[in-house]
Amino acid sequence: MRLFGYARVSTGQQSLDLQVKTLKAAGVKPHRLFTDTESGSSTMHRDGLQVLRHKVEEGDVILITKLDRLGRDTADMIHLIKEFDELGVAVRFLDDGISTEGAMGKMVVTILSAVAQAERQRILERTNEGRLEAKAKGVQFGRKRSIDRKKVLALKEQGLGATDIARQMNIGRSTVYVILQDEKKRTMERVKLSGGA
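Positions within a chain are numbered from 1, following the residues in the order the chain's sequence is written. Confidence filtering applies because this is a predicted model: local features only for residues at pLDDT of at least 70, side-chain atom pairs given and counted only at 80 or more, and all residues used for totals across whole chains, interfaces and linings. Note that water and hydrogens are dropped before the side-chain values are worked out from all heavy atoms of the structure.

### Regarding the overall build of the chain
Looking only at helices and strands, one finds seven helices and five strands in the chain. Strands are runs of DSSP state E lasting at least two residues, helices are runs of H or I lasting at least four, and both sets are numbered from the N terminus onward. Seen in sequence order, the chain has helices and strands lined up from the N terminus as β-α-β-α-β-α-β-β-α-α-α-α. What you see for the chain is a C-alpha radius of gyration of 31 Å, clearly larger than the 16 Å of a compact globule of 197 residues, by over 25%. Buried residues in the chain amount to 32% of all 197 residues. Sequence-distant contacts in the chain: of pairs separated by 6 or more residues, those separated by 24 or more amount to 63%. Counting 35 positive and 26 negative side-chain charges, the chain places the centres of these two groups 8 Å from one another. Each radius of gyration reported is based on C-alpha atoms, and the globular scaling rule is 2.2 Å times the count of residues to the power 0.38. When accessible area is computed with a 1.4 Å probe and restricted to protein chains, residues below 20% of their type maximum are described as buried, those above 50% as exposed, and intermediate ones as partly exposed. Two residues qualify as a contact provided that any one of their heavy atoms is within 4.5 Å of a heavy atom in the partner residue. In this tally, Lys and Arg are treated as positive and Asp and Glu as negative; His is ignored, and so are the chain termini. Charged groups are reduced to one reference atom each: NZ for lysine, CZ for arginine, CG for aspartic acid, CD for glutamic acid.

Structure (structure tokens):
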């Protein structure tokens with residue numbers, strides 16, 4: 001079993017010193033201690049964490065001072081704990097007295113996974129409730145309705161020009177031209193298929 005350490009601060013103004021000191025006192029050797037300053041928008045932008053992920057092997061233990069030092073939020077933290085657990089790597093949070101080692105550790109991972117699942121479900125429910133409320137207020141979702149091609153062609157048949165059709169239907173003049181050109185091509189195709197000139 002090898003001990004690794006991970007320390008993180010959210011801003012450049014904060015110091016890693018206290019975390020590093022605690023991890024070294026717990027037995028982490030300096031060359032197995034990885035740090036990150038500033039949270040990064042995702043785990044991919046945290047270089048210390050990325051190197052740590054590649055270094056650890058089955059049977060290793062990662063020491064971290066507190067739960068909130070591993071992930072940017074609860075979901076991120078739980079995702080990382082599960083990822084390390086799948087590699088056979090335990091995570092021990094010194095200040096919180098929580099460890100993913102052994103039978104109790106497996107239970108901790110299971111509970112944290114259930115919390116993450118419940119959080120995802122709650123977010124989904126809130127999102128759906130918000131959509132239903134917005135629909136009730138008349139907010140339209142999805143793709144905007146397509147342009148009524150038949151109306152464009154009918155207005156053209158009435159002798160209106162592209163500018164007038166565009167103004168009346170509140171669409172771009174170029175859109176009118178595209179519809180008219182497309183209809184012209186379709187008409188020519190139909191004439192060819194019917195054996196006309």
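Moving on, there is more to tell.
### Section: unusual backbone geometry
One non-glycine residue, asparagine 170, lies in the positive phi region at around 60°. Topologically, asparagine 170 is positioned in the loop between helix H6 (162-169) and helix H7 (173-193). A relative accessible area of 71% means that asparagine 170 is categorised as exposed.

### As for the nonpolar core
What is meant by a nonpolar core is a set of buried Ala, Val, Leu, Ile, Met, Phe, Trp, Tyr and Cys residues, joined one to another through side-chain atoms within 4.5 Å. Core analysis: the largest hydrophobic core is formed by 20 residues, its most contacted members being Tyr6, Leu52, Ile62, Leu70 and Phe84. At the level of secondary structure, the elements contributing two or more residues to this core comprise strand E1 (3-9), helix H2 (47-55), strand E3 (61-64), helix H3 (74-86), strand E4 (90-93) and helix H4 (102-136). Tallying contributions element by element places H3 first for this core, with five residues. Residues in contact with leucine 70, not counting those within four places in the same chain, are Tyr6, Arg8, Arg46, Leu49, Ile64, Met77, Leu80, Ile81, Phe84 and Phe93.

### Digging into the pattern of salt bridges
In what follows, salt bridge is the name for a side-chain nitrogen of Lys or Arg lying within 4 Å of a carboxyl oxygen of Asp or Glu. Applying the stated rule across the entire model yields 11 salt bridges. For the salt bridge of glutamate 83 with arginine 53, the shortest nitrogen-to-oxygen distance reads 2.7 Å. Within this pair, whereas glutamate 83 is found in helix H3, its partner arginine 53 is found in helix H2, the two being separated by 30 residues in sequence. The class of glutamate 83 is partly exposed, set by a relative accessible area of 21%. Relative accessible area serves as the criterion here: at 15%, arginine 53 is assigned to the buried category. For lysine 106, the salt bridge goes to aspartate 85, with nearest N and O atoms at 2.9 Å.

### So, the sheet that holds strand E2 (residues 33-37)
By this definition, two strands are paired if DSSP reports at least two bridges between them. Pairing in this open sheet of five strands is mixed, and the strands run E2-E1-E3-E4-E5 from one edge to the other. Only two strands of the sheet have a single neighbouring strand rather than two, namely E2 and strand E5 (98-99). Two elements, E1 and E2, share five bridges in a ladder whose sense is parallel. Across the sheet, the residue bridging to glycine 5 is leucine 33, located in E2. Lines are fitted to the C-alpha atoms to define the axes, a helix being fitted only along its stretch in contact, and any angle between axes, read from their N-to-C directions, falls within 0 to 180 degrees. Sitting on the sheet, helix H1 (residues 17-25) touches E1, E2 and E3, and the angle it makes with E1 is about 170°.

### Notes on the packing of helix H5 (residues 149-157) against H6
At their nearest, the axes of H5 and H6 sit 10 Å apart, and the two run at 135° to each other. The angle between H5 and H6 places the two elements in the oblique class. Pair H5 / H6 crosses with right-handed handedness. On the side of H5, the interface is formed by Lys151, Val152, Leu155 and Lys156, while H6 contributes Ile165, Gln168 and Met169. Gly is put with the polar residues, along with every residue not named as nonpolar or charged; the nonpolar set is Ala, Val, Leu, Ile, Met, Phe, Trp, Tyr, Cys and Pro, and the charged set is Asp, Glu, Lys and Arg. Split into classes, the residues belonging to the contact of H5 with H6 amount to four nonpolar, one polar and two charged. Angular relationships are summarised with four words: roughly parallel below 35 degrees, roughly antiparallel beyond 145, roughly perpendicular across 65 to 115, and oblique for the angles in between. Each crossing gets its hand from how the near helix is turned against the far one by less than a right angle, where anticlockwise is left-handed and clockwise is right-handed.

### What about the confidence of the model for the chain?
A low pLDDT means the predicted coordinates there should not be read in detail. The quantity called pLDDT is the predictor's confidence in a given residue, expressed from 0 to 100. Averaged over the chain, the pLDDT score is 85; the fraction of residues at 70 or greater is 91%. Ranking the helices and strands of the chain by mean pLDDT puts E3 first, with 96, and H4 last, with 81.

### Brief notes about H6
Looking at H6, one finds that the buried residues are Ala162, Ile165, Ala166 and Met169. Projected down its long axis, H6 carries its buried residues within an arc of 100°, all on one side. Of the surrounding secondary structure, the elements contacted by the buried residues of H6 are H5 and H7. The arc under discussion is defined with respect to the helix axis, by the directions toward the C-beta atoms.

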